[in-house]
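In case you want the letters, here they are:
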Amino acid sequence: YLAFYQSPAEGHRVFMIGDFNEYRVHEEAPGRIVLDVEENYMDEARDEISSRSRRMTISWTLGPDGAAPTSVRVVHAPIE
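A few words now on unusual backbone geometry. One non-glycine residue, Asp47, lies in positive phi territory at about 55°. Among the structural elements, Asp47 can be located in the loop between β4 (32-43) and β5 (48-59). Judged by its relative accessible area of 61%, Asp47 falls in the exposed class. The phi torsion at Asp65 lies on the positive side, around 55°, for a residue other than glycine. By the secondary structure assignment, Asp65 is in the loop between β5 and β6 (73-78). A residue is classified by how much of its surface remains accessible, and Asp65, at 84% relative accessible area, is exposed.

Moving on: the sheet that holds strand β3 (residues 22-29). Spatially, the four strands line up as an open sheet ordered β3-β4-β5-β6, and their pairing is antiparallel. Sheet topology places β3 and β6 at the edges, where each strand pairs with a single neighbour. Neighbour-to-neighbour, the strand axes of the sheet open up by a mean angle of 30°, direction not taken into account. Of the pairings in the sheet, the one linking β4 to β5 comprises twelve bridges and is antiparallel in character. Within β5, the position partnered with Val34 by the bridge is Thr57.

Basis of the calculations
Per chain, residue numbering runs from 1 following the sequence as it is written. Given that this is a predicted model, residues contribute local features only at a pLDDT of at least 70 and side-chain atom pairs are listed and counted only at 80 or more, while totals for whole chains, interfaces and linings are drawn from all residues. As a rule here, side-chain values come from all non-hydrogen atoms in the structure, and water together with hydrogens is ignored. Where helices and strands are cited, they refer to DSSP runs of H or I of at least four residues and of E of at least two residues respectively, numbered from the N terminus. Per-residue accessibility, obtained with a 1.4 Å probe over protein chains only, is compared with the maximum for each type, and a residue is labelled buried under 20%, exposed over 50%, and partly exposed between these values. By definition, two strands form a pair when at least two bridges between them are found by DSSP. Fitting a line to C-alpha atoms yields each axis, with helices limited to the stretch in contact; the angle taken between N-to-C directions then spans 0 to 180 degrees.

See below:
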């Protein structure tokens, strides 16, 4: 999950970004974070659960006066 604090009355705006075993912050900048993640998935060809490493780039644009974003963008790529 990625959450942005809004106010005492509204709490946090929360976005589910994935379900993975572990993650590491690879890079961060204003409005953007890049994560290296390890996750399990069902390998249909082998009929078994396998694991993989992927890189996730998550980006957002804050609203007026730094308000929490209304959406986030997630792009997946293999780790080379």
